[in-house]
Amino acid sequence: MEPWIEVVDDGHVREVGLQEALVGADRLAGLAVVDPLETVAVLRQVLVPIVMDAVGVPEDRAAWARWFARGRFDDADAARIGDYLDAHADRFDLFDGRRPFAQVAGLRTAKDETKPVSLLLSRLASGNNVPLFSARTESDPPSLSPAAAARALLAAQCWDTAAIKSGAADDPQVKAGKTTGNPTGPLGQLGVVVPMGATLFDTLMLNLPIIPLGARRSDDHPQWKSPTPADMSWQVRPARGMLDLLTWQARRIRLIPQVDASVPGGVVVRRVVLCAGDRLTGPFYDLEPHAGWRQVEKPKKGDPPVRPVRHQPGRAAWRGLAGLLAVHGPTAERLSAPAQMQQVADLQADGAVPDDFPLRVLTVGVSYGTQSAVVDDVIVDEIPLPVVGLAADSQVRYTLLQVAEQAEALRIAANRLGDDLRAACGAAKLPWDRGQRLGDLLIHRLTPVVRRLLAGLQHHPEAFEQAEDAWRIVARRLAWEVADPVLSAAGPETFLGRDPDQRFGPRLAVAEASFRRSLHAILGPAPTGISPSASTTTA
């Protein structure tokens, strides 16, 4: 099989085929996150399902631990993977005449219209989807190699925009040549959380679900093993099981290859046909492995009791530590961690995942605009996460939750300081969605500090007390570094405030005193001998 999966090997990104990616997974550092949407799609839509279908899944945590302890696929498992890929080689052929991989052979519209292949790439301009910093326009579409087209194809199955799609020629549900009411790809509605390890094998194991014997339905299989090829019609149905969900065909797509002797391989993809695909219905939260959930306090009749947690643009992953660590039941905010994170926590409690394991967490999401018909932003972050922090009675867990809670409180305190200074000179509060607020600046400066803290506790979980002390010192210093310039630059009118006769009305001294009290309440008293700020402002 041709190389098409981007991996990190000895610090470099290169493309490998399915056989090398799976059988040699222990020798690869992991999937390359060149395009996070493609990375998640390749893992979910291809690699994990192949392992599940070819090798099987662990029936309990003890079986998982035995697999994981080997650190690689043994000779028997490697043989099973090789035989599986040989038996289904034609199903992974991107341009097969009968069953092209993840596509519909002969897919066409009534007018034989095609679209630029940029339709598959959310980061490029296509129709009314025009990302702000796109270097291309729709009149200048890219040419994709077959490898790049395969990755883009999978990403579109997971993340494609909603709204109107071209109608397939033989689709009985088409009206006026179009299909309306299409939802986004299934992952577009979620905040995806993917646990990753030091090697690709570790990552595959961390994302391999434990399914007891007899729990898998006989009709649950990946899309390439469907008894009949996909045609131009589509269905509204629930997922039959996890393999069906992971390889869900949310769109009917056909890549159109073109001969180009000027490129390696001699084939490129410039045009594509994209139509409506299957629509997922019914509750799937009990199957979805990579999304966190929020309990609905009073769900409407017929609605599920939970809704997926989505990532917020501009919000670093560490600020959601409460949700990532909610592996032992819902938090006070009714958050529950993704199933695979809960599984990692159970395995850590069993000793199957060592406390010093270099766990990383990749978070990926898409922010859509205008009725989800355009992509506003792709949200991606990656953080180290101490495995011991997943334990229910872990002091490291308490430290991480405390840091996230204190950082949020510091953000609010800094924003309040800015509001108080504006009030002191008679200005209105800064709208939450306009301008840069002090709290946002403080969070930006705290982010590398928290990343270092997470990495440090990952290697030295016993040093949680030193980590807490260092956090309080650095967080206090950075808070004052953000506050001091605005306090020093405050105009003369803020000294007495807009109402000098009001003893405790908004003025510079009151704003600074309130900020000091907030820091004391959040971080405790300043350490002896350390000045809380480089300069102070008095009035």
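Residues numbered from 1 in each chain as written. Predicted model: local features only at pLDDT ≥ 70, side-chain atom pairs only at ≥ 80, totals over all residues. Heavy atoms only, no water.

1. What about the overall build of the chain?
(1) Moving on: When you go through the chain residue by residue, the secondary structure sums to 14 helices and 16 strands.
(2) Moving on: The globule rule puts the C-alpha radius of gyration for 539 residues at 24 Å, and the 26 Å found for the chain is close to it.
(3) Moving on: Along the three orthogonal principal directions, the C-alpha set of the chain runs to about 85 × 55 × 55 Å.
(4) Moving on: With 539 residues in all, the chain has 52% of them scored as buried.
(5) Moving on: Of the contacts made within the chain by residues no fewer than 6 positions apart, 70% connect residues no fewer than 24 positions apart. (Helix = DSSP H or I, 4+ residues; strand = E, 2+ residues; numbered from the N terminus. Rg over C-alpha atoms; globule rule 2.2 N^0.38 Å. Buried < 20%, exposed > 50% of the residue type's maximum accessible area, 1.4 Å probe, protein only. Contact = heavy atoms within 4.5 Å.)

2. Description of the layout of surface pockets
(1) Moving on: In this model, the largest pocket occupies a volume close to 1,200 Å³.
(2) Moving on: Looking at which element gives the most residues to the lining of the largest pocket, the answer is helix α10 (residues 395–424), with 6 residues.
(3) Moving on: When the residues that make up the lining of the largest pocket are grouped by side-chain class, the tally is 18 nonpolar, 12 polar and 11 charged. (1 Å grid on protein atoms, 1.4 Å probe; cavity = no way out; pocket = protein on both sides within 12 Å on 5 of 7 lines; lining within 4 Å. Points joined across faces, edges and corners; volume = space filled by probe spheres on them. Nonpolar A, V, L, I, M, F, W, Y, C, P; charged D, E, K, R; others polar.)

3. Remarks on the packing of aromatic side chains
(1) Moving on: Taken as a whole, this structure holds 10 aromatic pairs when the rule is applied.
(2) Moving on: With a centroid separation of 4.7 Å and 20 degrees between ring planes, the pair formed by Trp64 and Phe68 is classed as stacked. Remark: Phe68 and Trp64 occur in helix α3 (residues 61–70); sequence separation between them is 4 residues, near one turn of the helix. Here Trp64 matches Phe68 in class, with each residue buried.
(3) Moving on: With 4.9 Å between their ring centres and 50 degrees between their planes, Phe92 and Trp224 make a pair best called tilted. Placement of Phe92 in the loop between α4 (75–87) and β4 (115–116) and of Trp224 in the loop between α6 (200–206) and β8 (236–237) is noted, with a sequence separation of 132 residues between them. (Phe/Tyr/Trp six-rings, centres within 6.5 Å; stacked < 30°, edge-to-face > 60°.)

4. A few points about α4
(1) Moving on: An ideal rise of 1.5 Å per residue puts 18 Å on 13 residues; α4 measures up with 18 Å between its terminal C-alpha atoms.
(2) Moving on: Among all positions of α4, only Asp77, Ala78, Ile81, Gly82, Tyr84 and Leu85 are buried. An end-on view of α4 places all buried positions within 160 degrees of arc, on one side of the element. Turned more than 90 degrees off the buried face of α4, the exposed positions are Asp75, Asp83, Asp86 and Ala87. (Expected span 1.5 Å × (residues − 1). Arc of directions from axis to C-beta.)

5. A few points about the packing of helix α2 (residues 36–54) against α4
(1) Moving on: Taken N-terminus to C-terminus, the directions of α2 and α4 make an angle of 105 degrees; their axes are 9 Å apart at the nearest point. What the angle tells us is that α2 and α4 run roughly perpendicular. Here Ile50, Asp53 and Ala54 of α2 lie close against α4, whose contacting residues are Arg80, Ile81, Tyr84 and Leu85.
(2) Moving on: Residues belonging to the contact of α2 with α4 are distributed by class as follows: 5 nonpolar, no polar and 2 charged. (Axes fitted to C-alpha atoms, helices over the stretch in contact; angles between N-to-C directions. Parallel < 35°, antiparallel > 145°, perpendicular 65-115°, else oblique.)

6. Description of the environment of Ala404
(1) Moving on: Along the chain, Ala404 turns up in helix α10.
(2) Moving on: Of the residues examined, Ala404 reaches a relative accessible area of 12% and is grouped as buried.
(3) Moving on: Taking the C-alpha atoms as reference points, Ala404 and Leu321, 83 residues apart in sequence, are found 6.6 Å from one another.
(4) Moving on: Beyond its immediate stretch of four places on either side in the chain, Ala404 contacts Trp318 and Leu321.

7. A short note on the nonpolar core
(1) Moving on: In this structure, Ile5, Leu47, Ile50, Trp159 and Trp471 are the most contacted members of the largest nonpolar core, which totals 142 residues.
(2) Moving on: Here this core gets 12 residues from one element, more than from any other, and that element is α2.
(3) Moving on: With sequence-adjacent residues up to four places away left out, Ile5 is seen in contact with Arg14, Glu15, Val16, Leu18, Ala21, Leu31, Val42 and Leu47.
(4) Moving on: Counting residues in each nonpolar core, the second largest holds 7 residues, with Val104, Ala168, Met232 and Cys275 among its members. (Core = buried A, V, L, I, M, F, W, Y, C linked by side-chain atoms within 4.5 Å.)

8. A few points about the sheet that holds strand β12 (residues 293–295)
(1) Moving on: Spatially, the 3 strands line up as an open sheet ordered β13-β12-β14, and their pairing is antiparallel. Each edge of the open sheet carries a strand with a single partner, namely β13 (306–308) and β14 (335–336).
(2) Moving on: Relative to β13, β12 is paired through 3 bridges, and the arrangement is antiparallel. Residue pairing across strands places Gln295 opposite Val306, the latter belonging to β13. (Pairing = 2+ DSSP bridges.)

9. Examining the confidence of the model for the chain
(1) Moving on: Per-chain confidence: the chain averages 89 in pLDDT, with 91% of residues scoring 70 or above.
(2) Moving on: The weakest mean pLDDT in the chain belongs to helix α13 (residues 493–496) at 68; the strongest belongs to α6 at 98.
(3) Moving on: Note on residues 131–136: pLDDT is under 50 here. Beyond four places in sequence and across chains, it has 10 contacts. (pLDDT = per-residue confidence, 0-100.)

10. Comments concerning helix α9 (residues 339–350)
Since there are 3.6 residues in each turn of an α-helix, residues three or four apart along the chain are aligned in direction.
(1) Moving on: Between its first and last C-alpha, α9 extends 17 Å over 12 residues, near the 16 Å set by a 1.5 Å rise per residue.
(2) Moving on: Taken together, the buried positions of α9 are occupied by Gln340, Met341, Gln343, Val344, Ala345, Leu347 and Gln348.
(3) Moving on: Lining the buried residues of α9 we find α3, β7 (192–196), α6, α8 (321–324) and β15 (360–369).
(4) Moving on: Following α9 by one or two positions, Gly351 has its phi on the positive side, about 85 degrees.

11. What to know about the sheet that holds β7
Sheets are built from strands that pair by backbone hydrogen bonding, the pairs being arranged parallel or antiparallel.
(1) Moving on: A sheet is described by the order of its strands in space; here 3 strands give the open sequence β7-β15-β16, paired in antiparallel fashion. The open sheet has two free edges, formed respectively by β7 and β16 (374–384), since each of these has just one partner strand. Direction aside, neighbouring strands of the sheet carry axes that sit 15 degrees apart on average.
(2) Moving on: Alignment of β15 against β16, held across 10 bridges, turns out to be antiparallel. Paired with Gly369 across the two strands is Val374, which belongs to β16.

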